[in-house]
Structures are given as structure tokens and as C-alpha cells.
Amino acid sequence: MSDDILDFKSIKVCIDVHPDEDTRGAVVTSKKWQPGQTLRVRFLDGDPTVQQKIAAVAHQWSQYINIQFAFGNDPNAEIRISCGQLDGQSWSNIGTDALSVDKNQPTMHYGWLQPDTPDEEYSRVVLHEFGHALGCIHEHQHPEAGIPWNRDAVYRYYMGPPNNWTKESVDNNLFAQYSKNVTQFSHFDTQSIMLYPIPKELTTNGFEVGWNKHLSETDKAFMGAIYPGAAKGRTTLASGQSLQPGQSLRSPNQLHTLILQTDGNVVLYNQHSQPLWATNTGGLIKPGTFIMQTDGNLVLYDTDNRPKWASQTFGNPGAFFDVQDDGNLVVYRAGSQSQTEDNALWASASNDM
Ligand SMILES: [Zn+2]
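Since the model is a prediction, treat every value here as computed from it, not as a measurement.

## Examining the environment of V267
- Note on placement: V267 falls in strand 12 (residues 266-269).
- A relative accessible area of 4% places V267 in the buried class.
- For the pair V267 and Q34, spaced 233 residues apart in sequence, the C-alpha to C-alpha distance is 30 Å.

Here is the structure:
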């Protein structure tokens, strides 16, 4: 897949699940979760690498909204993901619709993500499907979208491969617009992660939309208002503080996230979910804790308390660990007023800005 040029031949997009004429409605008001909720997420199948990549991207939403995703094996997980069957389809139930799905059945599906699929495609598809899981509808069905569709061309395109949709699916997924009464919406946003790519061949006046692969500023602000109270998150491990599996630190500018993954790897991601640095300790069966010890050493332990990675900065009681805006991870000397190189005991040198 080319990076920036819209490849008209291979647009693969998500298909709506259970479109419901009465309540269809940006965000369907009646399908919102409660702000502050932690939604449990369970994989029903799939490759562990694919699962890990999906989870890493999904957490991006939580930087902007007051909803957390807890990945695990809880049998009562609200969101169940299947990603083991490469059937070329991706979809998700919308918001709390997931609650009416049988507990053994998926509420979200990925049908083309593989271990070697480019990160940008993970970003595009996973942010979109989790958008649905949060209650978002397709942006092109926005009450004020007004896209000048060339309807005949749209039918021809989506009813052929790779989508092979029925006419009804095209009507439901492209032409049907949501009513203002049941929807909370902002202005129509051509950068939204919830918008399909639209090649100019499918419109009557040259209107087109490229691949939206990241959350737009409007996506962040609008969903932040739907789920208010997003935690800014910790940026520092003070002496004695630690991360447990699944927990993360975030730079003050929110662009860099360090997470102790459940596979035992500690990874720093940029805002595009690209890894900048890692302890390369993935594959531990049971990651224990990533701790800023009171002796100044930053250490990753497994559950048997065996050290798997360390900064080797012991002998510096009170030292602290910082995830900086520039993407650098630094262990600083205790009481450092100015965070300068002179006070740095260890650094990842992963700064990218
Ligand atoms: Zn979709």
C-alpha cells in the first residue's frame, strides 16, 4: 500500500454493524459509556504480535478521553476482539451496543492486520474501530457531511472487489446520514479518523479525502468533551515508585508514552505509535514491575524478582526517572532543580524533537 497516494484499487474500509434506523445518530447519544469507565478488552483469537500492536494503538484514545482500556482475559470483557481470520473485513459494534452481544462472540473484528502490516495501517484501522467502540459513527454519515457522491460510481466500486458489498450495505455505510436528533456532533471534519478515504472518482466535483491515519484535532477535542476528565497521567517515577504491567508514563506534552507491556517489554512510543526505545525484554511470561529504586537504580523485574533490565545507576539514592517532552528518558540525580545533562545519570537518547 502506498503511503500518501490514495490507492483507488485497494481501499479497504470498515463496514457498519447493525445499523439501526431509529437510533442512528458523530456519537450516538444513547450508546455512550460512562465517563471514567474502564472498558475490559479480551482477544478471542489471533497472533500475539497483532494483539500487542492493536492494544498499543487503542491506548492512544485514552490520552484524550476519560475512558481506559484494560486488556486481559476477563470473561466479562465489554469489548471482545477477533483478529485471527483474514477475511478482509473490519468492523465494530457502536458503543454500548457491545453489551447486547453474546459473551462468546466478538464485538470488534480485524480481517487484514498481520504481524508485518505497516504501523500506519494499524493506526488507521485500530483508532477507527475503537472510535466505533466509543460510540462514533462514520464521519461521512455526519448530519452535515453533504458529500457530492457520484452514486453510480460508488455502487460500482463498493459492490466489486475487494469489498463485494450488497447495494444495501452501500446505502447503509455510505449514503445514509444520521439524524441530528440522536447525535452529538461537531462540524464535518475531513481529517477525522472516522472518515473513509474518498477518491475523486467517487464524487461529482473533484471532492476527495485521503487516508486519515491519526486522530484529528477535532476527534481529540470532540471526544474529550463527550468523555470529559481525561487524566493527564504520570510523567515521572519518583524514588520508590513503579509501573505495573499495562501501566504507562506520558510526557507533559502528551506526545510520548512509556508503557510496561504485558509481554514484559518496556517501550517508548511516539504519538504515531512508533516505538522509539525499548528494553527489548518482550517474551517474559510474567512481567513484574518497572521500578525507580530508592538506591537510584531503575530496574525491570519479572514476577520472580529476577532483574531483566537495569539502568545501572545504583549508588544515587533519591534519583528519579522522567519521560521528557522531547522523547528522551532520563534518570536524574536526587534534588536536581535543573534537568540538565550534568544532573543526568542515565538517558535513553531516544529524543526525536
Ligand atoms: Zn467504520
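## Brief notes about the sheet that holds strand 4 (residues 79-82)
- One open sheet accounts for five strands, arranged 3-2-4-6-5; its pairing is mixed. The sheet is open, and its two edges are formed by strand 3 (68-71) and strand 5 (91-92), each paired on a single side.
- Pairing analysis gives two bridges linking strand 4 to strand 6 (residues 108-109), with the strands arranged parallel. Considered in strand 6, the bridge of I81 is made with M108.
- Relative to strand 3, helix 1 (residues 48-58) is tilted by about 165 degrees, and along the sheet it contacts strand 2 (38-43), strand 3 and strand 4.

## What about the sheet that holds strand 10 (residues 248-250)?
- Sheet architecture is open: four strands sit in the order 10-11-12-13, paired in antiparallel fashion. The open sheet has two edge strands, strand 10 and strand 13 (275-278), and neither has a second partner. Ignoring strand direction, the axes of neighbouring strands in this sheet form an average angle of 20 degrees.
- One ladder, built from three bridges, connects strand 12 with strand 13; its direction is antiparallel. Bridge pairing in strand 13 places V267 opposite A278.

## As for the confidence of the model for the protein chain
- Across the protein chain, the average pLDDT comes to 85, with 91% of residues at 70 or higher.
- Element-level mean pLDDT values for the protein chain span from 72 in strand 7 (residues 183-184) up to 98 in strand 4.
- In this model, residues 1-8 is a region of pLDDT below 50 whose contacts with residues beyond four sequence positions or in other chains number 18 contacts.
- Across residues 18-25, where pLDDT falls below 50, the model places 20 contacts with residues more than four positions away in sequence or in other chains.

Criteria and thresholds
Residues numbered from 1 in each chain as written. Predicted model: local features only at pLDDT ≥ 70, side-chain atom pairs only at ≥ 80, totals over all residues. Heavy atoms only, no water. Helix = DSSP H or I, 4+ residues; strand = E, 2+ residues; numbered from the N terminus. Buried < 20%, exposed > 50% of the residue type's maximum accessible area, 1.4 Å probe, protein only. Pairing = 2+ DSSP bridges. Contact = heavy atoms within 4.5 Å. Axes fitted to C-alpha atoms, helices over the stretch in contact; angles between N-to-C directions. pLDDT = per-residue confidence, 0-100.

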